[in-house]
Every structure is written in structure tokens, then in C-alpha cells.
Amino acid sequence: AGKGVPAFVIDAIPLGVSYRIAQLLVFFHICVSFLIQGMFMSRWIHVTVSKSRVNDRTSWRASLEWFCITFTVTLVSWVLATSIPFFDLIIQFCGALYALITLVWPGLIWLFSAETRRRRGERALVALVCAFGVLVCCFGVYDALVSVSARRHDPDAGNGGECRKLTLLSPPPPPAT
């Protein structure tokens, strides 16, 4: 982002009804995303802890175990997200590494698969996409590491809790100058 551009897109929306609607939509997006991912993690934990009661829908103990597991997963996720300093940069770092999974890995599998009768144009295009994925990953990781280093030495950066607080009542923070 350039100078004066907020890092969080909602901060670019003027205060008013559109700002509140955008906050509400982001809140719903976060809830649905966590619900989808949290259920898989909770299920894995429940299978690990109590395999015999995982699919028992009539037992009060199975329901209590499920409630305790999902509550604990939610609580731990919230504590981690709000206590890790530079949380936004961790997300940037993970996103840069994700380019390897989404762009490079499928292309390499396709390039080195058993089928060898492909046109050169297709192979060149897939190789170009793979190279682009490696560049995105390298520059993204580099930028995240430089940002972490710069923020670590900045006395005004704070000492934690960098996760965005999403509230429907508070105004947006003033733009950085």
C-alpha cells in the first residue's frame, strides 16, 4: 500500500451506514470462516479424546464433550489472535507462503505428470505461472520479514494485540500520517 492508504480496507470507507454494513459483513465472513475451519479441528480433537462417543447424538456426555472442545478451540483462537504481536504480519507471511501451494505445487504436478504429449505453449504457460508463484512467495516473505524487523524497532508499534478489533459502535481509527 502507498502512503496514507489504510492497511484494513474498512478504514477507507467513510463513517456512516456503509461503514457499519461493511463491518457487519466482515464480521459474518470471519464467523463463517472460523465455523467451517473450527468444526474440522474440533472434530479431530473429539475423535482423539473420545472416539467411542464422537457419533453418539443421544448421550449427554458426548454433547458436553463437544461443547467443551468447541468452546476451548474458540477461546484459544481468540486469545492467540488478540495476544500475538504483529498478527497482521503473520497473516501476510502465511499468505505469501500460500502462493507455493496455490500456484507452484499444482503446476509442478502437471508439468511432471506421466502425460508427456503436451504442446510447448501449455508447458511454457504453466512454467510461467510457477515462476510467478515463486516470485510472489519470495517477495511476500521478504516484505513480511522486513516489516516485522522495522516494527520490532519502532517504539510506537505497541507490544501486542495487533488483531483488528471489529466493533459496530466505535468509529474508525484516524488515518496514519
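The structure we're discussing is the one just above.
Residues numbered from 1 in each chain as written. Predicted model: local features only at pLDDT ≥ 70, side-chain atom pairs only at ≥ 80, totals over all residues. Heavy atoms only, no water.

Caption draft 1: Looking closely at helix α3 (residues 87–111). Between the first and last C-alpha of α3 there are 36 Å, a value that for 25 residues agrees with the 36 Å anticipated at 1.5 Å per step. Along α3, the sharpest kink reaches roughly 35 degrees, centred on Val 104 and followed within four residues by the proline Pro 106. Listed in full, the buried residues belonging to α3 are Leu 89, Ala 96, Ala 99, Val 104, Gly 107 and Leu 111. Elements in contact with the buried residues of α3: α4 (120–152). (Helix = DSSP H or I, 4+ residues; strand = E, 2+ residues; numbered from the N terminus. Expected span 1.5 Å × (residues − 1). Bend = angle between axes of the 7 residues up to and from the residue. Buried < 20%, exposed > 50% of the residue type's maximum accessible area, 1.4 Å probe, protein only. Contact = heavy atoms within 4.5 Å.)

Caption draft 2: Highlighting the pattern of salt bridges. Scanning all chains against the criterion turns up two salt bridges. Notably, a salt bridge pairs Glu 65 with Arg 53, separated by 2.8 Å at the nearest N-O pair. Within this pair, whereas Glu 65 is found in helix α2 (residues 60–83), its partner Arg 53 is found in the loop between α1 (17–49) and α2, the two being separated by twelve residues in sequence. The exposure class assigned to Glu 65 is buried, which follows from its relative accessible area of 14%. (Salt bridge = Lys/Arg side-chain N within 4 Å of Asp/Glu carboxyl O.)

Caption draft 3: Quick look at the environment of Glu 122. Within the secondary structure, Glu 122 is located in helix α4. Overall, the relative accessible area of 30% leaves Glu 122 in the partly exposed class. For the pair Glu 122 and Leu 111, spaced eleven residues apart in sequence, the C-alpha separation works out to 9.4 Å.

Caption draft 4: Fine view of the packing of α3 against α4. Packing of α3 against α4 leaves a shortest axis separation of 8 Å and a crossing angle of 165 degrees. Viewed along their axes, α3 and α4 adopt a mutual orientation that is roughly antiparallel. As α3 runs across α4, the sense of the crossing is left-handed. The class makeup of the residues in the contact of α3 with α4 is 23 nonpolar, five polar and five charged. (Axes fitted to C-alpha atoms, helices over the stretch in contact; angles between N-to-C directions. Parallel < 35°, antiparallel > 145°, perpendicular 65-115°, else oblique. Left-handed = near helix turned anticlockwise from the far one by under 90°. Nonpolar A, V, L, I, M, F, W, Y, C, P; charged D, E, K, R; others polar.)

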